[in-house]
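A structural walkthrough
The primary structure of each chain is shown beneath.
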Amino acid sequence: MTPTRPPGALRDTGIDFDCSARASAPDAGAATLRFRATTRPDEVFDRFHAAYDRAFILPDEKEDRDGLIQCLALNHGARYEALAARYGPYREWVAVLEEDGEVAGGANLVCHPLRGGGGASGPWLLAANLNYVFVTASHRGRGHLHRLVAACRRLVEASFVPAPGTADPATMPLLLFFELNDPLRMDPEDYALDSAHAGVDQFDRVAIWGRLGARIMDFPYLQPPLSAGQAADDGLLLGVIGAPDAGLDACTLGGHLERFFSISVLKGLDARGSPASRGQLELCEAACAEGRPFALLDPQPHLDALRRMPAGGSTRTGLRAALSRGRG
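Cut-offs used in this document
Residues numbered from 1 in each chain as written. Predicted model: local features only at pLDDT ≥ 70, side-chain atom pairs only at ≥ 80, totals over all residues. Heavy atoms only, no water. Helix = DSSP H or I, 4+ residues; strand = E, 2+ residues; numbered from the N terminus. Buried < 20%, exposed > 50% of the residue type's maximum accessible area, 1.4 Å probe, protein only. Lys, Arg positive; Asp, Glu negative; His and termini not counted. Salt bridge = Lys/Arg side-chain N within 4 Å of Asp/Glu carboxyl O. Polar contact = N/O pair within 3.5 Å; in protein donor to acceptor, adjacent residues only side chain to side chain. 1 Å grid on protein atoms, 1.4 Å probe; cavity = no way out; pocket = protein on both sides within 12 Å on 5 of 7 lines; lining within 4 Å. Points joined across faces, edges and corners; volume = space filled by probe spheres on them. Pairing = 2+ DSSP bridges. Core = buried A, V, L, I, M, F, W, Y, C linked by side-chain atoms within 4.5 Å. Contact = heavy atoms within 4.5 Å. Phe/Tyr/Trp six-rings, centres within 6.5 Å; stacked < 30°, edge-to-face > 60°. Nonpolar A, V, L, I, M, F, W, Y, C, P; charged D, E, K, R; others polar. Disulfide = S-S within 2.5 Å.

Moving on: the side chain of Arg91. For Arg91, the position within the fold is in strand 4 (residues 91-99). Buried charge Arg91 goes without a salt bridge, the closest partner of opposite sign being Glu81 at 7.7 Å. A distance of 3.4 Å separates a polar side-chain atom of Arg91 from the backbone oxygen of Asn75.

In structure tokens, the structure reads:
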């Protein structure tokens, strides 16, 4: 019998586990890896934020410290109860990957159960938005991004516990959503600045995520403003890992985006009150009513040709549109 209720959210403040126990490093033999995650502004948060603040540079994509703390506060108390009554259980985490005690990388994510294809009668799945994932400069080239993504999957599954009549997180499919810079829509100055700061070209970053199994959503994604002093960002792609088919159910995407926008981006405000998010949710609702999924685009076969296209900001064709044309 299909469970009628989602699993419940853990109330724990933190999760700590050995991340595959050992990692090979070119100059250090074997190193011990530890993954620690928290829902509160504590010592783990401080370690995360210090590394995160150095890892991201573009102002409209970067959450400030107070914004991150506001999001974590939504895990607890009356605000959590009000949001969970509307959206169901969820957890927002920050986490660090530590290599022999040094911060090697970090992640910030929000996760929640969600009905899959079929709307209210569909099976339960887990969805997460990897808001920020990074490897620190001195620890790159050791496979840590792959380990971080694997650890985030484990964290999502550990965030919820089954109860009688609820779905079991251990058996639920898991979708990992994330944002990527669109190399063809970035201003040249931002392209050069971010590539130099991160130590990786924007197209190479798309390729790296593609090798992890990511697909690009054929969806006109727009990140709503993270704060009153920031602008909406239309230079991002929406990617997903774990979608099994060529298309993703529009009802599923809409349900995820509403939770992600309301909790991680708008800090508990209704996503339908923001023009930048409302239009995307309405687009998902229309496609959901028609039973029309959004296509998933594989960037890998096309990246070499797309690298030769001129970049130049939002007036030019983006990577998603170019991939969609190639698919057709």
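Attention now moves to empty space enclosed by the protein. Taken as a whole and assessed by the stated rule, the structure comprises one cavity of 30 Å³ or more. Here the largest cavity is characterised by a volume of approximately 90 Å³. Counting residues per element, the ones that place at least two in the lining of the largest cavity are helix 2 (65-73), strand 6 (124-135) and helix 7 (250-265). Per element, the largest residue contribution to the lining of the largest cavity is three residues, and it comes from helix 7.

Below, the discussion takes up the pairing of strand 5 (residues 102-115). Side chains on a regular strand alternate between the two faces of the sheet. Of all 14 residues in strand 5, 13 are buried; the element is thus mostly enclosed. Looking at chain direction, strand 4 and strand 5 are connected through nine bridges and run antiparallel. When the sheet's bridge partners are listed, Arg91 is paired in strand 5 with Cys111. If you look at the hairpin formed by strand 4 and strand 5, you'll find two residues sitting between the two strands, and Asp100 has a positive phi there, around 50°.

In this section: the nonpolar core. Judged by nonpolar contacts, the single largest core of 99 residues is most densely connected at Trp209, Met217, Leu253 and Leu257. Sequence-distant contacts of Trp209, defined by excluding residues within four places in its chain, comprise Leu130, Leu145, Val149, Phe178, Leu180, Ala214 and Ile241.

Here we take up the packing of aromatic side chains. To describe a pair of aromatic rings, you give the distance between the ring centres and the angle between the ring planes. The full count for this structure, using the stated rule, is 11 aromatic pairs. With 5.3 Å between their ring centres and 20° between their planes, Phe48 and Tyr52 make a pair best called stacked. You can see Phe48 and its partner Tyr52 sitting in helix 1 (residues 43-55), four residues apart, about one turn around the helix. Summarising the aromatic geometry, the rings of Phe56 and Tyr132 are spaced 5.1 Å apart at their centres and angled 70° between planes, so their arrangement reads as edge-to-face. Taken together, the residues span a long stretch of sequence, with Phe56 in the loop between helix 1 and helix 2 and Tyr132 in strand 6 at a distance of 76 residues.

What follows is about the layout of surface pockets. Quantified by volume, the largest pocket comes out at close to 800 Å³. Taken together, 31 residues make up the lining of the largest pocket; nearest its centre are Val133, Phe134, Leu145, Arg205 and Trp209. For the lining of the largest pocket, the elements supplying multiple residues, two or more each, are strand 6, helix 4 (144-158), strand 8 (174-181), helix 5 (188-198) and helix 6 (202-211). Counting residues per element, the lining of the largest pocket draws most heavily on strand 6, at six residues. Among the residues forming the lining of the largest pocket, the class breakdown is 16 nonpolar, nine polar and six charged.

With that settled, consider the pairing of strand 4. With nine of nine residues buried, strand 4 is to be regarded as a mostly interior element. Alternating residues of strand 4 divide into Arg91, Trp93, Ala95, Leu97 and Glu99 and Glu92, Val94, Val96 and Glu98, and every residue in both groups is buried.

All chains considered together, the criterion is met by one disulfide. The residue that forms a disulfide with Cys251 is Cys288, at a sulfur-sulfur distance of 1.9 Å. The sign of the S-S torsion, about 85°, decides the handedness of the disulfide formed by Cys251 and Cys288: right-handed. Of this pair, Cys251 sits in helix 7 while Cys288 is found in helix 8 (residues 275-290), placing the two residues 37 residues apart along the sequence. Cys288 gets classed as partly exposed once you look at its relative accessible area, which sits at 28%.

Right, let's get into the side chain of His144. With respect to the helices and strands, His144 occurs in helix 4. At 2.7 Å, the side chain of His144 forms a polar contact with the side chain of Glu99.

Another point: the pattern of salt bridges. Applying the stated criterion to the full structure yields 18 salt bridges. A salt bridge links Arg185 to Asp234, with the shortest nitrogen-to-oxygen separation between them at 3.3 Å. Of this pair, Arg185 sits in the loop between strand 8 and helix 5 while Asp234 is found in the loop between strand 9 (215-217) and strand 10 (236-241), placing the two residues 49 residues apart along the sequence. You can call Arg185 partly exposed: its relative accessible area is 22%. Glu285 serves as the salt-bridge partner of Arg272, at 2.6 Å between the closest nitrogen and oxygen. Separated by 13 residues along the polypeptide, Arg272 in the loop between helix 7 and helix 8 and Glu285 in helix 8 bring together distant segments of the chain. Looking at Arg272, the relative accessible area reads 27%, which means it is partly exposed. When salt bridges that share partners are traced, they join Arg36, Glu43, Arg47 and Glu98 into one network.

Purely spatial values, then, with no claim about function.
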